[in-house]
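Structural overview for review
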Amino acid sequence: MTTPPKRRGTELLMLAFAVVITLAAQTIVDITVTGSPSPEIATFGAWFTGLWLVAHLVVRKVAPYADPLLLPCVAVLTGIGLSMIHRLDIAANALGESVSAREDAPTQLLWATVGLVLFVAVLLVVRDHRALSRLAYTIGLVGLVLLAIPAVLPSALSEVNGAKIWIRVAGFSIQPGEFAKICLVIFFAAYLVDKRDVLALASRRVLGLEVPRARDLGPVLVAWGVSILVLVFERDLGSSLLLFGIFVVMLYVATERASWLLIGVLLFAAGGTVAYQLFGHVRVRVDTWLDPFAYYPDGGGYQVVQSLFGLGTGGLFGAGLGGGRPDQVPVAKSDFIAAALGEELGLFGLVAVVVLYLVLVERGLRTSLVVRDGFGKLLAAGLAFGVAWQVFVVLGGVTGLLPLTGLTTPFVAYGGSSLVANFGLVALLVRISDAARRPSAPPTPPAPKLGEALTEVVKP
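In this text, all values refer to a predicted model and were calculated from it rather than measured experimentally.

Some remarks on the nonpolar core
- If you look at the biggest cluster of nonpolar residues, it comprises 118 residues, and the most contacted ones within it are Trp52, Phe119, Leu192, Leu379 and Val430.
- Residues within four places of Val430 in sequence aside, it is in contact with Val59, Ala63, Ala66, Leu70, Phe119 and Leu123.

Structural data, given as structure tokens:
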């Protein structure tokens, strides 16, 4: 049997290209805004290069058959994010907004380093992704605890911009929901593998769809209930929509019943309608989304309107790196970094970034198709769809297609919790893709019978 190529050389070449793109973007920003390259560009380049060299060497050693496109896509996205955060740092300092001369790009680079440590740790500890299925219920419980902690903490320790999704102690802050997302995807995959035969049963056919039995609706109702509780008690539409969407899609992948998608949409629409009627913060989010210009003077729709102005200013080709005013959008480094990219890179540049996400998601879904075990298939599909769904929700909020959710653009936006958690997510995809592409051991030939063995011995 022919051994498939490992493609590690291809990965290394594309990582080098990602480093070149990042350094070119940083240099263009510096020259456009300040007239000369920053003196820290050499230090940044060496640090950034070292990150991906270490990641490549670890993958080459412990996951040699992993998909060669996963790491390069992440490297380019992370580099683009660092370049745009650096550009916004310069704008903030020029306006005197940063009194302490604090810059966020070096902090983001530190978080990327922490993310790489988690990436390496996951690959070294999880040598076989199937081992996670045996701990799935414990991991799921950990995920629920992480998701619930901000809701029970006092607002002074957990609330930022109206959403109770943080843990803030002694100047340190973390968003546990980012890690809860991965834990719950692992639990969903193990649970659905065990129960998919039951959940795939249909009781009747309605409008061409095979409707599941009423007693099998329990899991989706529980997931729906948890998402509504997150929406109500943490005022976090983003996590609520993300978790419920991932569960419903994984349920569809496991059972191949389109009726689960319809049921999921109807349940979330019903829950959102009730929340709109009962809770003022939900009502404000929706009303601002429906008509942001009506709420522009009092600040409610200011972010969305400024984002739309920035995207319109960018046009097709953008104002160029350093040539726009992306700092006019509040929270441009995190929630609205996609608007900043759209203004300076234009529609074509923003679409190129989206294509990078599509490639990353496509490789995850391809891994889901190729891997041999059911748990790996669902886990890879859930992780890949989680990235796709989050990007869709974020871009929908920035462009006015969906209400603002507070989610961050994976790998690009400023934020340590999101960046570190997504490095862990990619590590799991790398591990599963290594198992999917690794050649299976050839079958052991049967031992010869006693008579045949004697014949071979005495044969002249």
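Quick look at unusual backbone geometry
- Unusually for a residue other than glycine, Arg7 sits at a positive phi of about 65°.
- Checked against the element boundaries, Arg7 lands in the segment before helix H1 (8–34).
- Even without being glycine, Val331 reaches a positive phi, approximately 55°.
- Note on placement: Val331 falls in the loop between helix H13 (302–314) and helix H14 (337–370).
- Note on Val331: relative accessible area 38%, which makes it partly exposed.

Description of the pattern of salt bridges
- One pass over the structure, following the stated rule, counts 12 salt bridges.
- Across the pair Asp89 and Lys333 runs a salt bridge, and its minimum N-O distance is 2.5 Å. Of the two residues, Asp89 is situated in helix H3 (residues 70–94) and Lys333 in the loop between H13 and H14; the sequence distance between them amounts to 244 residues. Note on accessibility: Asp89 and Lys333 belong to one class, buried.
- A salt bridge links Glu362 to Arg366; the shortest N-O distance between them is 3.1 Å. Placement of both Glu362 and Arg366 in helix H14 is noted, with a separation of 4 residues, approximately one turn of the helix.
- With relative accessibility at 29%, the residue Glu362 sits in the partly exposed group.

Observations concerning the packing of H1 against helix H2 (residues 41–62)
- The interhelical angle for the contact between H1 and H2, taken along N-to-C directions, is 160°, at an axis separation of 10 Å. Considering their axes alone, H1 and H2 lie roughly antiparallel with respect to each other. As H1 packs across H2, the resulting crossing turns out to be right-handed. Residues Arg8, Gly9, Glu11, Leu12, Leu15, Val19, Thr22, Leu23, Gln26 and Thr27 of H1 form the contact with H2, whose participating residues are Ile41, Phe44, Gly45, Phe48, Thr49, Trp52, His56, Val59 and Arg60.
- Split into classes, the residues belonging to the contact of H1 with H2 amount to 9 nonpolar, 7 polar and 3 charged.

Some details on the packing of aromatic side chains
- Tallied over the entire structure, the rule returns 13 aromatic pairs.
- Geometrically, the ring pair formed by Phe48 and Trp52 is edge-to-face, given 6.1 Å between the ring centres and 70° between the ring planes. Pair noted here: Phe48 and Trp52 are both in helix H2, with a separation of 4 residues, about one helical turn. Note on accessibility: Phe48 and Trp52 belong to one class, buried.
- A centroid spacing of 5.9 Å and a plane angle of 20° characterise the contact between Phe244 and Phe268, whose relative ring orientation is stacked. Taken together, the residues Phe244 in helix H10 (residues 237–255) and Phe268 in helix H11 (residues 259–278) connect sequence positions 24 residues apart. Considered together, Phe244 and Phe268 belong to a single accessibility category, that of buried residues.
- By way of ring pairs, the aromatic residues Phe44, Phe48, Trp52, Phe411 and Phe423 are connected into one cluster.
- In this arrangement the basic side chain of Arg283 is found over the ring face of Tyr276, its NZ or CZ atom lying 5.9 Å from the centre.

A short note on H11
- The end-to-end C-alpha distance of H11, which contains 20 residues, comes to 29 Å, matching closely the 28 Å that a straight helix rising 1.5 Å per residue would cover.
- Every buried residue belonging to H11 is among Ser259, Trp260, Ile263, Gly264, Leu267, Phe268, Gly271 and Ala275, and all of these are buried. Mapping the buried residues of H11 onto a view down its axis gives an arc of 160°, with all of them on the same face. The exposed residues of H11 that point more than 90 degrees off its buried face are Val265, Leu266 and Gln277.

Re helix H9 (residues 218–233)
- Here H9 is 16 residues long and its end C-alpha atoms lie 22 Å apart, about the 22 Å a rise of 1.5 Å per residue gives.
- Of all the residues in H9, the buried ones are Pro219, Val220, Ala223, Ser227, Ile228, Val230, Leu231 and Val232.
- In this fold, the buried residues of H9 make contact with helix H6 (136–152), helix H8 (177–199), H10, H11 and helix H12 (280–290).
- After H9 finishes, the residue Arg235 shows a positive phi value of roughly 50°.

Here is what the cut-offs are and how they apply
- Residues numbered from 1 in each chain as written.
- Predicted model: local features only at pLDDT ≥ 70, side-chain atom pairs only at ≥ 80, totals over all residues.
- Heavy atoms only, no water.
- Core = buried A, V, L, I, M, F, W, Y, C linked by side-chain atoms within 4.5 Å.
- Buried < 20%, exposed > 50% of the residue type's maximum accessible area, 1.4 Å probe, protein only.
- Contact = heavy atoms within 4.5 Å.
- Helix = DSSP H or I, 4+ residues; strand = E, 2+ residues; numbered from the N terminus.
- Salt bridge = Lys/Arg side-chain N within 4 Å of Asp/Glu carboxyl O.
- Axes fitted to C-alpha atoms, helices over the stretch in contact; angles between N-to-C directions.
- Parallel < 35°, antiparallel > 145°, perpendicular 65-115°, else oblique.
- Left-handed = near helix turned anticlockwise from the far one by under 90°.
- Nonpolar A, V, L, I, M, F, W, Y, C, P; charged D, E, K, R; others polar.
- Phe/Tyr/Trp six-rings, centres within 6.5 Å; stacked < 30°, edge-to-face > 60°.
- Lys NZ or Arg CZ within 6 Å of the ring centre and 35° of its normal.
- Expected span 1.5 Å × (residues − 1).
- Arc of directions from axis to C-beta.

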